[in-house]
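A structural walkthrough
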Amino acid sequence: MNETIPISTPLPQGSLFGVISRLATAIAHAGNADRAAIKRWSIGRPLPMAFYRLWLLKIGEEFPPESQITSWALLAWGLALMGGRHDPKRSLGTALAKSGLHEMRLERLLQADKDLRPFLFASIVRFLAVKDESFDWTQAAAFLLTHDSEKREALHRRIAADYYRHLSLD
């Protein structure tokens, strides 16, 4: 179930899938101390050195722009919480439906403004971690990093469609 890509696998530099795949792999193979430091991080706090070390040494990208650093730190935190599990074949909406997330929580997440969005996303990730649900972190990255309202709405529709397509209405 753990679909990680070895660090040596060449991926397109700069592509969202490539960066997420390298980040997931780096966290999955990181030492316990680095993974624990990233898991202890919370929104609004300074980034741990482990984040910088993994980013520069394992991902091989320049640091993200300052406007995106919280989103990338949140992605690293979530991946650390899930042990680096990244499943490119399983959408976020599918994982949310299969985990039993209540529809109102998804609605709040998709309607959240830019200030509340990271906190609600962190709550959803904690929920999925408890349920042991892996998913496509590339979609999660797009969710956090997309600022264009039309693209964001299209992404919301995809997440909602996958959620309802896989929701068990017992």
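What comes next is a walk through the structure. Keep in mind the model is a prediction, meaning the values are calculated, not measured.

Two numbers describe how helix H1 (residues 16-28) lies on helix H3 (residues 49-59): the axes approach to 10 Å, and their chain directions differ by 115 degrees. In this structure, H1 meets H3 at a crossing whose hand is right-handed. Of the residues in H3, those touching H1 at Val19, Arg22, Leu23, Ala26 and Ile27 are Leu54, Trp55, Lys58 and Ile59. For the contact of H1 with H3, the per-class residue count stands at seven nonpolar, no polar and two charged.

Below, the discussion takes up a nonpolar patch on the surface. A cluster of nonpolar side chains, Leu56, Leu57 and Phe63, forms an exposed patch at the surface whose accessible area comes to about 300 Å². By secondary structure assignment, the location of Phe63 is in the loop between H3 and helix H4 (69-81).

Here we take up the environment of Leu81. Mapped onto the secondary structure, Leu81 falls in helix H4. Linking Leu81 and Thr94, residues 13 residues apart in sequence, is a C-alpha distance of 19 Å.

Another aspect to go through is the packing of helix H7 (residues 117-130) against helix H8 (residues 137-145). H8 packs onto H7 with a crossing angle of 160 degrees between their chain directions and a minimal axis gap of 11 Å. Overall, the two elements H7 and H8 adopt an arrangement that is roughly antiparallel. Crossing geometry of H7 relative to H8 is assigned as right-handed. Mapping the contact onto sequence places Arg117, Phe121 and Val125 in H7 and Trp137, Ala140, Phe143 and Leu144 in H8. Residues that form the contact of H7 with H8 fall into these classes: six nonpolar, no polar and one charged.

So, how was this worked out
- Residues numbered from 1 in each chain as written.
- Predicted model: local features only at pLDDT ≥ 70, side-chain atom pairs only at ≥ 80, totals over all residues.
- Heavy atoms only, no water.
- Axes fitted to C-alpha atoms, helices over the stretch in contact; angles between N-to-C directions.
- Helix = DSSP H or I, 4+ residues; strand = E, 2+ residues; numbered from the N terminus.
- Left-handed = near helix turned anticlockwise from the far one by under 90°.
- Contact = heavy atoms within 4.5 Å.
- Nonpolar A, V, L, I, M, F, W, Y, C, P; charged D, E, K, R; others polar.
- Patch = residues over 30% accessible without salt bridge, like charges linked within 9 Å, V, L, I, M, F, W, Y side chains within 5 Å.
- Areas by Shrake-Rupley, 256 points an atom, 1.4 Å probe, with all protein chains shown as cover.
- Salt bridge = Lys/Arg side-chain N within 4 Å of Asp/Glu carboxyl O.
- Parallel < 35°, antiparallel > 145°, perpendicular 65-115°, else oblique.

The values are spatial; any link to function lies outside them.
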